[in-house]
Amino acid sequence: MLFRSEDAPAALPAVQVRAERTVIELLGPTTRITKVSFADDQLVDLSVAHEAGTKLAAPQYRHRIERVISTMLPGRWRAHWDLEADTVRFEIRPTLPTRVDHPTPIITKDTLYKLPMASTEDGKALCWNMRGTAPHLMICGKTGTGKTVTITGVVMEAAARGWPVWMCDPKTVEFIGLRRWPNVQIVATSVPHMVSVILLAQREMERRYAMVEAEQADDDEFEPLVLVLDEYRDFMAMVTAWWQSIKQRGMPTKCPVFEAVGSLARKGRTARIHVVMGTQRPDAEFLGGEMRDNFASRMSLGRLSPQGAMMMFEAPYIGVSVPRGVPGRGTAVDDDDIPVEVQGYWTPDPRRAEKKSDTEDLAILERLRPATTTHPRLQVQLAEELLHPIDDEKSGST
């Protein structure tokens, strides 16, 4: 028997009958349908009271129910669970636009350390909260999913706040348009330059730690420095090959830059140095547990595999049903630590926008461009200590 709200019509639409039968099969025969809503003859909302009990405490079980609902009913559905009240509301997912232009930065005391990156299904801005528990950001996405566009947006938000940005671009061509962007001090593309930029960031971090220890400064007084490491998997391979080509007797087996990246991830928060890491896949072989855990703010673009979902969100079902073929569409953790579907902001590449004279994109860039340049361009040279033999009996060098 189907339980219905008192004002339900005598002759129910077939989709409602199917929905009620499905929910009762999933949650048990004592389940009651308390509210049903339609819009333009489409079922859009279903509120339920149940007695399913403690088995719903497992997120995997709740996700299975949501997946079955989306499979059995038209459209894509999501659920809002109230486990204390033994109720759940199923609703059609709001339709996300396929493009959301990067809005004008609104920089106040409350938003200074919250860098907006995307729009959620409910139309809210999803931000990287640098002052929370996630000082570093990981953005994962295959080619064509919008990873470079999203990183560009984060860089421009940081630059708009007057902060210095240092970038490492192993692919050499992804961020050409940012080379002359105000407050982007360097876009390093060669291996020696990328290594030097990272070691320079580590040196700055240690300098700031020394100032705090000597009580010459407080960590809140430091200006944030944003360090972007794109295509980290490629970066590791390139650095490893380069290091083998220059390594001499007495030098460490592995390039010291890898330890520097780990140190920045572990200690950068106190020194106000924030790392943005871009990668196509969050593989365990190069993002071990400690490294991955230090990047608590995460965003995946495109549809994840169950293995990738486990690496990114520690659950094999999160982000695996994102619509295919929509650049910028992905999954991220919101301020409530809940994974949500998002549409990343469209942030144009300055070089391409200028070349095409795209007035719409140029207008977006004009809104994002800082009025003044507070940090001049940098020129770095290969750290000299890398080229001198190091007395390390444990290096295992040959």
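This one's a predicted model, so the numbers in the text were calculated from it and none came from an experiment.

To continue, consider the packing of helix α4 (residues 191-213) against helix α6 (residues 257-271). Close contact between α4 and α6 brings their axes to 9 Å; oriented N to C, the two are set at 40 degrees. Considered as vectors, α4 and α6 are oriented oblique to each other. In the crossing of α4 with α6, the sense of the turn from one axis to the other is left-handed. Taken together, the residues of α6 that come into contact with α4 (itself represented by V195, I198, L199, A201, Q202, M205, E206, R208 and Y209) are V257, A260, V261, S263, L264, K267, G268, T270 and A271. Counted by class, the contact of α4 with α6 contains 11 nonpolar, four polar and three charged residues.

Let us now look at α6. Here α6 spans only 18 Å end to end across 15 residues, well under the 21 Å set by a 1.5 Å rise per residue. The largest bend along α6 measures about 45 degrees and falls at A265. Among the residues of α6, those classed as buried are V257, F258, A260, V261, G262, S263, L264, A265, G268 and A271. In the segment just after α6, R272 is the residue with positive phi, at about 65 degrees.

For the rest of this paragraph, the subject is the packing of α4 against helix α5 (residues 232-246). Relative orientation of the contacting elements α4 and α5 amounts to 105 degrees, with a least axis distance of 10 Å. As the angle between them shows, α4 and α5 are arranged roughly perpendicular. Between α4, through V191, P192, M194, V195 and I198, and α5, the contact on the second element is made entirely by F235, M238, V239 and W242. Per-class residue counts for the contact of α4 with α5 are nine nonpolar, no polar and no charged.

Let us now look at the pairing of strand β15 (residues 339-346). With respect to burial, β15 is a largely interior element, six of its eight residues being buried. When strand β5 (residues 100-101) meets β15, the two strands line up parallel, connected through two bridges. Note on β15: the bridge partner recorded for D101 is W346. Direction of pairing for strand β6 (residues 114-120) relative to β15: antiparallel, over a ladder of three bridges. The partner of A118 across the bridge, within β15, is G344. Connecting strand β14 (residues 329-333) to the next strand, β15, in antiparallel fashion are five residues, including D337 with a positive phi near 65 degrees.

Side chains of E51, D82, E84 and D86 sit close together on the surface and give a patch of like negative charge. Secondary-structure assignment places D82 in strand β3 (residues 77-82). Judged by relative accessible area, D82 falls into the partly exposed class, the value being 35%.

Turning to the side chain of H50, a few remarks are in order. Topologically, H50 is positioned in the loop between β2 (42-49) and α2 (59-72). H50 sits in the buried class, given a relative accessible area of 5%. Looking at H50, its side chain comes within polar contact range of the main-chain nitrogen of A52, at 3.2 Å. If we skip the residues at most four places from it in the chain, H50 touches L27, T31, L56, D86, T87 and V88.

Within the open sheet, the four strands sit side by side as β1-β2-β4-β3. Their pairing is antiparallel. Looking along the sheet, the strands with just one partner apiece sit at the ends: β1 (32-39) and β3. Along the sheet, successive strands turn relative to each other by an average axial angle of 15 degrees, direction set aside. Summarising the sheet, β2 and strand β4 (residues 87-92) pair through five bridges and their orientation is antiparallel. Bridge pairing in β4 places A49 opposite T87. Packed on one face of the sheet, α2 meets β3 and β4 and runs near 145 degrees to β3.

Moving on, we come to the confidence of the model for the protein chain. The pLDDT averaged across the protein chain works out to 90; a share of 91% of its residues lies at or above 70. Here residues 387-398 is a poorly scored stretch, pLDDT under 50, and it has 24 contacts once near neighbours within four places are set aside; other chains count.

The subject of this paragraph is the pairing of strand β9 (residues 165-168). What you see with β9 is no split at all: V165 and M167 on one side and W166 and C168 on the other are buried throughout. By the bridge criterion, four bridges tie β9 to strand β10 (residues 184-188) in an arrangement that is parallel. Bridging from a neighbouring strand, W166 pairs with I186 of β10. Bridge analysis of β9 against strand β11 (residues 225-229) gives four bridges, and the strand direction is parallel. Its bridge partner lying in β11, V165 is registered against V226.

Applying the stated rule across the entire model yields five aromatic pairs. Consider the rings of W242 and W243, whose centres lie 6.1 Å apart with planes at 50 degrees: the pair is tilted. The pair formed by W242 and W243 is uniform in burial state, with each residue classed as buried. Members of the aromatic cluster, each reached through a chain of ring pairs, are Y232, F235 and F258.

Moving on to unusual backbone geometry. For D40, which is not a glycine, the phi torsion comes out positive at approximately 55 degrees. One can find D40 in the loop between β1 and β2. On the accessibility criterion, D40 (79% relative accessible area) is exposed.

Calculation notes
Residues numbered from 1 in each chain as written. Predicted model: local features only at pLDDT ≥ 70, side-chain atom pairs only at ≥ 80, totals over all residues. Heavy atoms only, no water. Axes fitted to C-alpha atoms, helices over the stretch in contact; angles between N-to-C directions. Helix = DSSP H or I, 4+ residues; strand = E, 2+ residues; numbered from the N terminus. Parallel < 35°, antiparallel > 145°, perpendicular 65-115°, else oblique. Left-handed = near helix turned anticlockwise from the far one by under 90°. Contact = heavy atoms within 4.5 Å. Nonpolar A, V, L, I, M, F, W, Y, C, P; charged D, E, K, R; others polar. Expected span 1.5 Å × (residues − 1). Bend = angle between axes of the 7 residues up to and from the residue. Buried < 20%, exposed > 50% of the residue type's maximum accessible area, 1.4 Å probe, protein only. Pairing = 2+ DSSP bridges. Patch = residues over 30% accessible without salt bridge, like charges linked within 9 Å, V, L, I, M, F, W, Y side chains within 5 Å. Areas by Shrake-Rupley, 256 points an atom, 1.4 Å probe, with all protein chains shown as cover. Salt bridge = Lys/Arg side-chain N within 4 Å of Asp/Glu carboxyl O. Lys, Arg positive; Asp, Glu negative; His and termini not counted. Charge placed at Lys NZ, Arg CZ, Asp CG, Glu CD. Polar contact = N/O pair within 3.5 Å; in protein donor to acceptor, adjacent residues only side chain to side chain. pLDDT = per-residue confidence, 0-100. Phe/Tyr/Trp six-rings, centres within 6.5 Å; stacked < 30°, edge-to-face > 60°.

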